[in-house]
Amino acid sequence: MEQSRKSMVTFGLNGKAALVTGAASGIGFASAKMLLESGAKVALNFLPDDPRGPKAVAELQTIGKAIAAPGDVADPVSAERMISNAVSEFGGLDLLVNNAGAPGVKEPIPATRLDLVTEELWDTLLQVNLVSVFRCSRAAASALKASKGAIVNVASTAAIDARGSTIPYAAAKAGVVTLTRNFARALSPEVRVNAVAPGFIDSTWINWPEETRRDATEKALLKRAIQPAEIAEVIVYLGFGASMITGTTVLVDGGLLA
Ligand code: NAI
């Protein structure tokens, strides 16, 4: 029932071009799909060795103009090349969705286990979840200024309340919230820059311990996990509606933090 939840929101996006990072699965895939269903052209970024990437592109090409944009957003050369290829192929860009991210661990590291938080884990989590957002946004900035476009970043409720999250992951997502405000300043007045902060999504993202799963749904006012499409519709709205919203992070957490 919840899997088939459909968005009631549609946009007329014919002629618009979007790039979604981490689009082979989850929120990224749902966002790319929704953008295509609204008529936009979409470049799907995925890790070059991820077999789900070409499959996602092939599936979405049945809806509209979907192209592959393989590249590692944690690597400056790969990320910048990926953005510039997509911009050239589309002849411009109207929306960049910085969605790619990684938890770095199979299960979240409890806050008390400081011994498990290594320097390597810090480096990995900051690169993939935070610096990636900076480098992709900077690489896309001139195309987005030219089109008077938008950026939507995917943060997390971990940015605000890190309980249950690995410390460097939460710090990286808090950085995304700050970066969102700073990029809104840096690219104004042409480009709007916002973020969405999802709560608990029942996805393949990480092996949440059973207790965390139960807690996250019981504590949420709406009493269930979020579906990726429910984040995607806010991303599409922030990207192409929301004409006077910039520098903001919108919580989409089913009332978890409330
Ligand atoms: P997901 O694991 O399905 O999506 C993440 C995608 O990013 C994957 O396709 C992955 O291969 C890709 N990716 C990872 N590293 C990459 C790299 N270096 N270059 C390019 N692509 C890379 O999980 P989900 O839930 O869709 O996550 C999307 C975003 O939502 C992430 O930024 C995550 O931090 C955020 N989020 C997820 C929550 C959840 O409960 N699942 C809660 C709050 C935020």
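Residues numbered from 1 in each chain as written. Predicted model: local features only at pLDDT ≥ 70, side-chain atom pairs only at ≥ 80, totals over all residues. Heavy atoms only, no water.

Q: Even after reading the chapter, I still don't get the sheet that holds strand β3 (residues 66-70), so can you show me in this structure?
A: The strands that make up a sheet pair up through hydrogen bonds in the backbone, lying either parallel or antiparallel. Spatially, the seven strands line up as an open sheet ordered β3-β2-β1-β4-β5-β6-β7, and their pairing is parallel. Each edge of the sheet is formed by a strand with only one pairing partner; in this case those strands are β3 and β7 (249-252). The mean angle between the axes of side-by-side strands here comes to 20°, regardless of whether they run parallel or antiparallel. Across four bridges, the pairing between strand β4 (residues 95-98) and strand β5 (residues 150-154) is parallel. Along β5, the bridge assignment pairs asparagine 98 with asparagine 153. The strands that helix α4 (residues 119-147) touches are β4 and β5; relative to β4, the one it contacts most, it runs at about 175°. (Pairing = 2+ DSSP bridges. Helix = DSSP H or I, 4+ residues; strand = E, 2+ residues; numbered from the N terminus. Axes fitted to C-alpha atoms, helices over the stretch in contact; angles between N-to-C directions. Contact = heavy atoms within 4.5 Å.)

Q: Is there a simple way to think about the pattern of salt bridges in this case?
A: Working definition: two side chains of opposite charge can pair if their charged atoms are close together. Counted by the stated rule, this structure contains six salt bridges. Glutamate 37 serves as the salt-bridge partner of lysine 33, at 3.4 Å between the closest nitrogen and oxygen. Remark: glutamate 37 and lysine 33 occur in helix α1 (residues 26-37); sequence separation between them is four residues, near one turn of the helix. Note that lysine 219 is salt-bridged to aspartate 215, the shortest N-O span being 2.7 Å. Of the two residues, lysine 219 and aspartate 215 are both situated in helix α6 (residues 210-219); the distance of four residues between them amounts to about one turn of the helix. Look at aspartate 215 and you get partly exposed, because its relative accessible area is 33%. (Salt bridge = Lys/Arg side-chain N within 4 Å of Asp/Glu carboxyl O. Buried < 20%, exposed > 50% of the residue type's maximum accessible area, 1.4 Å probe, protein only.)

Q: Hey, could you run me through the pairing of β5 in this one?
A: Each regular strand shows side chains that alternate between the opposite faces of the sheet. Burial runs high along β5: five of the five residues are buried. Side chains Ala150, Val152 and Val154 of β5 all project onto a buried face; the interleaved residues Ile151 and Asn153 project onto the opposite face, where all are buried too. Once you follow β4 into α4 and on to β5, the crossover reads as right-handed. As paired elements, β5 and strand β6 (residues 192-198) share five bridges and run parallel to each other. The residue bridging asparagine 153 from the neighbouring strand is alanine 195, located in β6. After leaving β5, the chain enters helix α5 (residues 167-187) and then returns to the sheet as β6, a path that is right-handed. (Right-handed = clockwise from strand over helix to strand, strands pointing away.)

Q: Just to check I follow, could you spell out unusual backbone geometry for this structure?
A: Peptide bonds are, in most cases, trans, and in most cases residues other than glycine have a negative phi. A cis geometry characterises the amide bond from serine 188 onward to proline 189, with omega recorded as 0°. Among the secondary structure elements, proline 189 is positioned in the loop between α5 and β6. You will see that lysine 148, though not glycine, has its phi angle at about 55°, which is positive. When you line up the elements, lysine 148 lands in the loop between α4 and β5. The residue alanine 242 is not glycine, and still its phi comes out positive at about 45°. Turning to its location among the elements, alanine 242 is positioned in the loop between α7 (228-240) and β7.

Q: How should I be thinking about the packing of aromatic side chains in this particular structure?
A: A ring pair, where both rings are aromatic, is described by two values, the distance of the centres and the angle of the planes. Enumeration over the complete set of coordinates arrives at three aromatic pairs. Taking the centre distance of 5.7 Å and the plane angle of 70° together, the rings of phenylalanine 134 and phenylalanine 183 count as edge-to-face. Here the residue phenylalanine 134 occupies a position in helix α4, and phenylalanine 183 occupies one in helix α5, the gap between them amounting to 49 residues. (Phe/Tyr/Trp six-rings, centres within 6.5 Å; stacked < 30°, edge-to-face > 60°.)

Q: Please clarify how the nonpolar core should be interpreted in this entry.
A: Burial of nonpolar side chains together is a common tendency in soluble globular proteins. By size, the foremost hydrophobic cluster in this structure holds 37 residues, and its most contacted members are Leu35, Val42, Leu44, Val196, Ile231 and Ile235. For this core, the secondary structure elements donating two or more residues are β1 (17-20), α1, β2 (41-46), α2 (52-60), β4, β5 and α7. Take this core: its biggest share by element is seven residues, from α1. If sequence neighbours within four positions are ignored, valine 42 has contacts with Ala18, Val20, Ala32, Leu35, Leu36, Lys65, Ala66, Ile67 and Phe90. Core analysis: the second largest hydrophobic core is formed by 35 residues, Ala69, Leu144, Leu179 and Leu187 among them. (Core = buried A, V, L, I, M, F, W, Y, C linked by side-chain atoms within 4.5 Å.)

Q: Teacher, can you tell me more about the side chain of serine 31 here?
A: Position of serine 31 relative to the elements: it lies in helix α1. The class for serine 31 is buried, based on a relative accessible area of 1%.

Q: What exactly am I supposed to notice about the packing of helix α3 (residues 76-90) against α4 here?
A: Helix packing geometry: the angle between the two helix axes and the distance between the axes. It is at 9 Å that the axes of α3 and α4 come closest, and there the two elements cross at 25°. By the angle between their directions, the pair α3 and α4 is classed as roughly parallel. For the element pair α3 and α4, the recorded crossing hand is right-handed. Of the residues in α4, those touching α3 at Pro76, Ala79, Glu80, Met82, Ile83 and Val87 are Arg135, Cys136, Arg138, Ala139, Ala140 and Ala143. When grouped by side-chain class, the residues that make up the contact of α3 with α4 number nine nonpolar, no polar and three charged. (Parallel < 35°, antiparallel > 145°, perpendicular 65-115°, else oblique. Left-handed = near helix turned anticlockwise from the far one by under 90°. Nonpolar A, V, L, I, M, F, W, Y, C, P; charged D, E, K, R; others polar.)

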